[in-house]
Amino acid sequence: MSTENLPQSPDQPPRKPRVAVVCGGRSSEHGISVVTAGAVLRAIDRSKYEVLPIGITRDGRWALTADDPERMAITDRRTPSVEELAESSEGGVVLPVDPANREVVYAEPGSVPKALGEVDVVFPVLHGPYGEDGTLQGLLELSGVPYVGSGVLSSAVGQDKEYMKRVFTSFGLKVGPYVVIRPREWTRDQAAARKKIVDFAGEHGWPLFVKPSRAGSSIGITKVDDLSGLDEAIEEARLHDPKVLVEAAVRGREIECGVLEFEDGPRASVPAEIPASESHAYYDFEAKYIDSTPGVVPAPLTEEETAEVQRLAVEAFEAVSCEGLVRADFFLTEEGEFVINEINTMPGFTPISMYPQMWQASGITYPELVDRLIQAALRRSTGLR
């Protein structure tokens, strides 16, 4: 479906496509999702699209939110929330699960439901579980509403770092050493699970990075230098996901590369480098979003290294059958080899995020990037493809 093919009434002028920007959600990345939505709302061309801002509260309620990007920013080191932006503390937005009906309805207790009009495409700027992991994508597939970004399987694989690494390995992409502690392992026998990690450290050395398997924005990650900090790191990761991933440190430069779907297929941006920070042990949540540690764009790489990381980024995109956009994160080792760490199917999309910066350096501005993603979603049908 393209902009030109929108259904029109014969006695009405052509209407603009209506874009529902959905943000917030039930994950630990709720606040960053709202910040991303503010940037997207600010960038959308209002002469070309109608916009419907929808927020999902931390308890899962779909709320009609204010179209007010200025209130969707980090203030005093604090991220915003949907609860602060919702037009009502009780009203809810309902998306009909009916491919023949795309009309969104808003209802408040004791009031007659109000039709908000049809939605032509959803821009889901949710990060983490219950939004980026295929759950929202499945709902939109059932509803028959096109959406920005990857489909159900790709989103799920891109969210679960264990299975992401398994897919990468099966396609010949090199990943670093890792071990997984599943929920039943930890609850059944913590001593055995701990020994599994200690044996892994004995083989690959300290430090280790202990992280939630299905989370992002570097939330819940701990760098563990020895056995004394292991239990606390596991509990911190389990606050965000009962499944824990433990990675060996890969010594090398951190290189990122954006992938964007064009009419003729995916292409890679110029890469960026995340330099080591003196004030942070690694590129954590504070460094990314609060202190805004700057990346180097483009990364100081040779032509051969740039071409190689771009090739690998597109390979990762294709390996997971992604759509729309991806940010691929690599380590460039001292031996000159690229090791893929992970991909993000809905990467950080704030103005300071690396994905938009890499495309800006590649010649595509933030508003153009948003427009390309919406147009790609409008061209793509829901269902098997």
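Note that the coordinates shown come from a computational prediction; the quantities given were computed from them, not determined experimentally.

A. Region of the structure containing the sheet that holds strand E9 (residues 208-212). Strand order in this open sheet of four strands is E8-E11-E9-E10, and the pairing throughout is antiparallel. The open sheet has two edge strands with one neighbour each: strand E8 (178-181) and strand E10 (222-224). Geometrically, the sheet is characterised by an average inter-axis angle of 25° between neighbouring strands, direction not taken into account. Inspection of the sheet shows E9 paired to strand E11 (residues 244-248) by five bridges, in the antiparallel sense.

B. A look at the side chain of Glu 323. For Glu 323, the location among the structural elements is in the loop between helix H10 (303-319) and strand E15 (325-333). Judged by relative accessible area, which is 14%, Glu 323 ranks as buried. Of note is the side chain of Glu 323, whose polar atom sits 3.3 Å from the backbone nitrogen of Gly 151. For Glu 323, the residues in contact, after removing those within four places along its chain, are Gly 149, Ser 150, Gly 151, Glu 261, Phe 317, Arg 380 and Arg 385.

C. Region of interest: the side chain of Ser 143. For Ser 143, the position within the fold is in helix H3 (residues 135-143). Look past the residues within four positions of Ser 143 in its chain and what remains in contact with it is Leu 95, Pro 96, Val 97, Asp 98 and Pro 99.

D. Representation of the pairing of strand E2 (residues 50-56). With six of its seven residues buried, E2 lies for the most part within the structure. Pairing between strand E1 (residues 18-24) and E2: seven bridges, direction parallel. Across the sheet, Val 19 pairs through a bridge with Val 51, a residue of E2. Of the crossover connections in this fold, the one passing from E1 over helix H1 (residues 30-43) to the parallel E2 is right-handed. In this antiparallel pair of consecutive strands, E2 and strand E3 (residues 62-64), the connection spans five residues, and Gly 60 shows a positive phi of 100°.

E. Geometry of the nonpolar core. Counting residues in hydrophobic clusters, the biggest one holds 36 residues, and the most contacted among them are Val 21, Val 40, Ile 44, Phe 123, Phe 349, Val 370 and Ile 374. The set of elements that each furnish at least two residues to this core consists of E1, H1, helix H2 (82-85), strand E7 (121-124), strand E12 (252-262), helix H11 (354-361) and helix H12 (366-379). Examining the composition of this core, we find that seven residues originate from one element, H12, more than from any other. If sequence neighbours within four positions are ignored, Ile 44 has contacts with Val 19, Val 21, Tyr 49, Val 51, Val 370 and Ile 374.

How each quantity is defined
Residues numbered from 1 in each chain as written. Predicted model: local features only at pLDDT ≥ 70, side-chain atom pairs only at ≥ 80, totals over all residues. Heavy atoms only, no water. Pairing = 2+ DSSP bridges. Helix = DSSP H or I, 4+ residues; strand = E, 2+ residues; numbered from the N terminus. Axes fitted to C-alpha atoms, helices over the stretch in contact; angles between N-to-C directions. Buried < 20%, exposed > 50% of the residue type's maximum accessible area, 1.4 Å probe, protein only. Polar contact = N/O pair within 3.5 Å; in protein donor to acceptor, adjacent residues only side chain to side chain. Contact = heavy atoms within 4.5 Å. Right-handed = clockwise from strand over helix to strand, strands pointing away. Core = buried A, V, L, I, M, F, W, Y, C linked by side-chain atoms within 4.5 Å.

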